[in-house]
Amino acid sequence: MRLYDTMSREIRELAPGDGKEFRFYCCGPTVYGPAHIGNFRTFLLQDVFRRTLELSGLDTFHVRNLTDVDDKTIRDSQAEGKPLKEFTGFWTDRFHIDCSALNMLEPHREPGAVDHIPHQIEMIRDLVEKGHAYSSEDGSVYYKVSSFEKYGRLSRLDQRELRAGASNAVVNDEYEKDQVADFALWKGRRKEDGDNYWDSPWGEGRPGWHLECSAMCREYLGDSFDLHSGGVDLIFPHHENEIAQSEACNGATMADHWFHLTHLLVDGGKMSKSANNFYTLTGLIEKGFSAAEVRFALICASYRQPLNFVAKDGDGKESFPALNSARQALERIARYEEALREKAGVDGLPDWEQVKAFEKGEVFAGAFAALENDLNTPETLGQVFSAIKRKKPEEMDSREAKDAWQGLHITLAGLGLKLPELSSAAVQDIPAEVRELAEKRSVARTNREWEESDRLRDEIAALGWEVKDGKEGFELCPIN
RNA sequence: GGCGAGGUAGCCAAGUGGUAAGGCCGGGCUCUGCAAAAGCUCUAUCGCGGGUUCGAUUCCCGCCCUCGCCUCCA
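Bear in mind the structure is a predicted one, so any value in this text is a computation, not a measurement.

Participant: Got a minute to help me understand the overall build of chain A in this structure?
Facilitator: Scanning chain A from terminus to terminus reveals 17 helices and 16 strands. Classification of the 480 residues of chain A by burial places 49% in the buried group. Pairs at least 24 apart in sequence give 76% of the contacts found in chain A among residues at least 6 apart. Roughly 22700 Å² of accessible area belongs to chain A as shown, and the carbon and sulfur atoms make up 46% of that amount.

See the structure below:
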């Protein structure tokens, strides 16, 4: 598989460093509220990435952390009068529910910062000993950016700018740092933190945000691993700081590959909690969309391209262009899959493990190949629909149909798409009253009593169902 | 100001040095008592101006515009 690498700015072939298992780390959510679908765009594409690796025959080891102690988790847990652990636990559960609804594979490890305080302290001690960190009078410890020559390489910011504080942003310098660019490894205890402090060689306090990832990477993936991933907004300072911490401490290149995902936009601007323009999975489901449709919409654009998820017209009325096309598109794939399955004489849908053993076949080979080529999900979807148009199940023999069916499922598994149940599959849910009316109408039609037939159709519609006449009888679908 | 990404049909969105995938919407056709559904089908001189080239949307230069990051951020 080939993937763009932020560090080298080129598309590079991926291979596990140990020749066997591809080991990677993804920066996970801060659990202080519901994750919004912008966050999920990142996690979802990382999920597609992992699925693609596994389907192309690699074993993976996927670590994604939970940030369960930082300014916001502390602030908001206190506002709710809850212990930090209880507060973050609640939001962690909610996160997992959404992940599962979105059909995401679980990471192999999902470590939280609070459970790794000793690992972080140990790392700080190393950094202090090696001259990369210093403590201040208030019991904080800072990383000395000027001590790490390679600082700024990932984000291409040179040190001079950092020193000058070239940013327009107001520097919130509540702690005592030598240089503006220096960042906290350990934050000395303050009264606002309440009970949330731990002992350390520098006094009571809590770890800085950037440090947790370095410490947990080292714990679960070692000094060097294959790939590190997160949203583009983490390139600076978060990942830059992680590199500085890990590499100064471990003396090895932290990650071979850096995989960054572009933001989801709302009416042309970044979706974020602070801008209060965010949408959650639950909120979209309340609007009538399904989790599968949300997944489809979020992966339908290239991960390196911003995706405008919400558009607003002149009156500020919102619409969801990517989501609106998802239902039709998914149903179309589902109908094709059903026809293929019937032709192939296969029962039921395959699960993830079964799909891994499938042959890619010819019909959908291009679709899967596009995933392996820099995770080109829109190209993949384009190939899927082109193949659907090009190869009709009725023109295949059962052998061909089965090959195509397996190939389609490999692609769908790579994208992590679950197909919707077609309406005809839910016959048992139709109320008896509606079914009786429909039967009566069918009789009326046979007798060419069109007025009676149309009257019955209206009656059925009033009950919330739509009749569709086919060659072999009728079909009933719920309206909306 | 620095760094980065981008401007492709009504909307969303790929891609290529040789006249542009796909999805949605809309139009047409087939089917049908009608309708719906479904299937088929139609819809673009690729931001502007130069340059290189036999040929550029694709490469180079300039310009305009949009967005992100510049220490809260997926």
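Continuing now.
Participant: Mind showing me how you'd approach the packing of helix α13 (residues 365-372) against helix α15 (residues 398-415) here?
Facilitator: For any two helices packed against each other, one specifies the crossing angle of their axes together with the interaxial distance. The interhelical angle for the contact between α13 and α15, taken along N-to-C directions, is 25°, at an axis separation of 8 Å. It follows that α13 is roughly parallel to α15 by the angle criterion. For the pair α13 and α15, the crossing hand works out as left-handed. From α13, A367, F368 and L371 reach across to α15, where they touch I410, T411, G414 and L415. The residue inventory of the contact of α13 with α15, partitioned by class, reads five nonpolar, two polar and no charged.

Participant: Would you take a moment to explain the domain arrangement of chain A for this structure?
Facilitator: By a frequent convention, interface size equals the accessible area lost on bringing the separate parts together. Annotation of chain A at the domain level lists domain 1 (2-262), domain 2 (326-415) and domain 3 (423-478). Using only C-alpha atoms to locate each centre, domain 1 and domain 3 end up separated by 58 Å.

Participant: Please explain the pattern of salt bridges as it appears in this structure.
Facilitator: Working definition: two side chains of opposite charge can pair if their charged atoms are close together. Taken as a whole and assessed by the stated rule, the structure comprises 33 salt bridges. The salt bridge involving K187 is made with D71; its shortest N-O contact spans 3.5 Å. Of this pair, K187 sits in strand β7 (residues 183-188) while D71 sits in helix α2 (residues 71-79); the two residues are 116 residues apart in sequence, bridging distant segments of the chain. Owing to a relative accessible area of 41%, D71 belongs among the partly exposed residues under this scheme. Here the residues in one salt-bridge network are R50, E54, E353 and K356, joined through shared partners.

Participant: What is the right way to look at helix α4 (residues 117-129) in this model?
Facilitator: Three- or four-residue spacings in an α-helix give side chains the same orientation, since the helix completes a turn every 3.6 residues. Its 13 residues give α4 an end-to-end C-alpha distance of 18 Å, which sits within 8% of 18 Å, the value for a rise of 1.5 Å per residue. Among the residues of α4, I117, Q120, I121, M123, I124 and L127 are the ones counted as buried. Projection of α4 onto a plane perpendicular to its axis shows the buried side chains occupying an angular sector of 160°, all on one side. Exposed side of α4, more than 90 degrees from the buried face: P118 and E129 are the residues found there. On its buried face, α4 is in contact with β5 (133-135), β6 (141-143), β7, β8 (205-207), α6 (209-221) and α7 (235-250). Within two residues after α4, G131 carries a phi angle of roughly 80°, on the positive side.

Participant: Before we go on, may I ask you to explain the nonpolar core in this structure?
Facilitator: Side chains of a nonpolar character, in soluble globular proteins, are inclined to be buried together. Grouped together as the largest cluster of nonpolar side chains are 84 residues, with contacts concentrated most on L3, I37, F40, F49, L284, F309 and F364. Counting residues per element, this core draws most heavily on helix α1 (residues 37-55), which supplies nine residues. Each of domain 1 (2-262) and domain 2 (326-415) accounts for three or more of the residues forming this core. Among residues more than four places away in sequence, those in contact with I37 are L264, M271, Y279, T280, L281, L284, V294, L298 and F309.

Participant: Would you mind going over the side chain of R50 with me for this structure?
Facilitator: The topology assignment puts R50 in helix α1. Owing to a relative accessible area of 6%, R50 belongs among the buried residues under this scheme. Among the polar contacts listed, one links the side chain of R50 to the side chain of E54, at a separation of 2.8 Å. With near-sequence residues (within four places) excluded, R50 lies in contact with F24, T60, H62, L105, E106, P107 and H108.

Participant: Would you mind showing me how to read unusual backbone geometry here?
Facilitator: Peptide bonds are, in most cases, trans, and in most cases residues other than glycine have a negative phi. Geometrically, the link from F236 to P237 is a cis peptide bond, its omega value of 0° lying close to zero. You can see P237 is positioned in helix α7. For R9, which is not a glycine, the phi torsion comes out positive at approximately 60°. Structurally, the position occupied by R9 is in the loop between β1 (2-5) and β2 (10-13). Given a relative accessible area of 35%, R9 falls into the partly exposed group. Here the phi dihedral of D374 falls at roughly 60°; this positive angle occurs in a residue that is not glycine. When you line up the elements, D374 lands in the loop between α13 and α14 (377-390). D374 sits in the buried class, given a relative accessible area of 10%.

Participant: Can you help me understand the sheet that holds strand β10 (residues 255-261) in this one?
Facilitator: Sheets are built from strands paired through backbone hydrogen bonds, the pairs being either parallel or antiparallel. In spatial order, the strands read β4-β3-β9-β10; together these four strands make up an open sheet with parallel pairing. Of all strands in the sheet, those bounded by a partner on one side alone are β4 (59-64) and β10. Put simply, the sheet's adjacent strands are angled 20° from each other on average, direction ignored. Pairing of strand β3 (residues 21-26) with strand β9 (residues 225-231), which is carried by three bridges, proceeds in the parallel orientation.

Participant: Just checking my understanding: could you explain α15 for this structure?
Facilitator: Here α15 spans 25 Å end to end across 18 residues, near enough to the 26 Å set by a 1.5 Å rise per residue. Extensive coverage of α15 is indicated by the burial of 13 of its 18 residues. Two or three places before R399, at the start of α15, stands the capping residue D397, its side-chain oxygen 3.1 Å from that residue's backbone nitrogen. One or two residues past the end of α15 sits G416, with phi positive at roughly 70°.

Participant: In this structure, what is going on with the environment of L307? I would like to understand it.
Facilitator: Structurally, L307 can be placed in strand β13 (residues 307-312). With 101 residues separating them along the chain, L307 and R206 place their C-alpha atoms 37 Å apart. Those residues in contact with L307 that lie beyond four places of it in its chain are R41, H263, L264, L265, A297, L298 and A301.

Participant: Looking at this structure, how should I read the side chain of D47?
Facilitator: Relative to the elements of secondary structure, D47 occurs in helix α1. Assessed through its relative accessible area of 2%, D47 is described here as buried. Within polar-contact distance, the side chain of D47 engages the side chain of R51 at 2.8 Å. Side-chain polar atoms of D47 contact the backbone nitrogen of L105, separated by 2.8 Å. Sequence-distant contacts of D47, that is, excluding residues within four places in its chain, are made with N103, M104, L105 and R295.

The rules behind the values
- Residues numbered from 1 in each chain as written.
- Chains lettered and ligands numbered in written order.
- Predicted model: local features only at pLDDT ≥ 70, side-chain atom pairs only at ≥ 80, totals over all residues.
- Heavy atoms only, no water.
- Helix = DSSP H or I, 4+ residues; strand = E, 2+ residues; numbered from the N terminus.
- Buried < 20%, exposed > 50% of the residue type's maximum accessible area, 1.4 Å probe, protein only.
- Contact = heavy atoms within 4.5 Å.
- Areas by Shrake-Rupley, 256 points an atom, 1.4 Å probe, with all protein chains shown as cover.
- Axes fitted to C-alpha atoms, helices over the stretch in contact; angles between N-to-C directions.
- Parallel < 35°, antiparallel > 145°, perpendicular 65-115°, else oblique.
- Left-handed = near helix turned anticlockwise from the far one by under 90°.
- Nonpolar A, V, L, I, M, F, W, Y, C, P; charged D, E, K, R; others polar.
- Domains from an automatic or database assignment.
- Salt bridge = Lys/Arg side-chain N within 4 Å of Asp/Glu carboxyl O.
- Expected span 1.5 Å × (residues − 1).
- Arc of directions from axis to C-beta.
- Core = buried A, V, L, I, M, F, W, Y, C linked by side-chain atoms within 4.5 Å.
- Polar contact = N/O pair within 3.5 Å; in protein donor to acceptor, adjacent residues only side chain to side chain.
- Pairing = 2+ DSSP bridges.

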